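Below are the chains, spelled out letter by letter.
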Amino acid sequence: MRKVGLPDVIRACLFDMDGVLTKTAAVHDAAWKETFDDFMRRREGPGFRPFDAVADYDEYVDGRPRADGVRAFLDSRGIKLLEGSDDDPPELDTVHGLGNRKNALLLEKIRTEGVEAYPGSVRYVEAVRAAGLSTAVVSSSANAHDVLASAGIQALLDVRIDGVVAAERKLPGKPHPDTFLEAAHDLGVEPGAAAVFEDALAGMDAGRSGHFGYVVGVDRAGQADALREHGADIVVGDLAELLEDRV
């Protein structure tokens, strides 16, 4: 298995989507910032403290299910909102309303701007499939199908565990390992025979607590040390680096 940079025991690769396979982290970031800044401006006036597109995004929302991200960020500002329900309209200031507002903005950005896959990630997924490994995408996003289709890479993934599937199967999201464990189960492999690929600290925590065979941190945001601290066995800037026989 050395030609794809993984231990010989690995039989399946479980990829996060945003920031690992697709260039959507910046789009998510922009949608979150627009959502939270609008809310905080209306709540606190023109002197509000804006959503930090780096620190707040990485700490509170990156890799988490949408509603969990809303709660985590608002908690950091000492704000409690009513939960509301999944079908709350985007203009309603509830946890789910804010989440739906962010999702509406995200979908509009995907529609107007499109989504690209990282070329190095496409090369790598093609290589692991050629080596006989099975593949899955594990994403908190409820829009994973649309994103993968827009990027043209859905055919490279055998299993998709996303926000929609997680809700249907009542799986807690990252940092819990359940969605990754479900992907391994659907691929017919034990966790110890699966590698997790993540760029988010919540995803690192999920990989570590799920006792997977190998955890690859993908550093797109200059947080290599934090990825290691949260459980990465190796950190790369691009998945193509793993094709250089690093294990």
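To be clear, the structure that these remarks concern was listed above.
Residues numbered from 1 in each chain as written. Predicted model: local features only at pLDDT ≥ 70, side-chain atom pairs only at ≥ 80, totals over all residues. Heavy atoms only, no water.

> An account of the overall build of the protein chain is needed here, citing residue identities and associated values.
In terms of helices and strands, the protein chain carries ten helices and six strands. The principal-axis extent of the C-alpha atoms belonging to the protein chain is close to 55 × 35 × 35 Å. Across the 247 residues of the protein chain, 53% fall into the buried class. When contacts within the protein chain are restricted to residue pairs at least 6 apart in sequence, those whose partners lie at least 24 apart make up 61%. Carbon and sulfur atoms form 49% of the exposed surface of the protein chain, whose accessible area is close to 10,700 Å². Side chains of the protein chain give 28 positive and 44 negative charges; the mean places of these two sets differ by 1 Å. (Helix = DSSP H or I, 4+ residues; strand = E, 2+ residues; numbered from the N terminus. Buried < 20%, exposed > 50% of the residue type's maximum accessible area, 1.4 Å probe, protein only. Contact = heavy atoms within 4.5 Å. Areas by Shrake-Rupley, 256 points an atom, 1.4 Å probe, with all protein chains shown as cover. Lys, Arg positive; Asp, Glu negative; His and termini not counted. Charge placed at Lys NZ, Arg CZ, Asp CG, Glu CD.)

> Lay out the sheet that holds strand 4 (residues 194–198) with the relevant residues and their values.
One open sheet accounts for six strands, arranged 3-2-1-4-5-6; its pairing is parallel. Each having just a single partner strand, strand 3 (159–161) and strand 6 (234–236) make up the two edges of the open sheet. Sheet twist, expressed as the average angle between the axes of neighbouring strands with direction ignored, equals 20°. Sheet topology places strand 1 (residues 12–15) next to strand 4; four bridges connect them, and they run parallel. Bridge assignment links Leu 14 to a residue of strand 4, and that residue is Val 196. Against the sheet, helix 5 (residues 119–130) engages strand 1, strand 2 (134–138) and strand 4, with an angle of about 155° to strand 1. (Pairing = 2+ DSSP bridges. Axes fitted to C-alpha atoms, helices over the stretch in contact; angles between N-to-C directions.)

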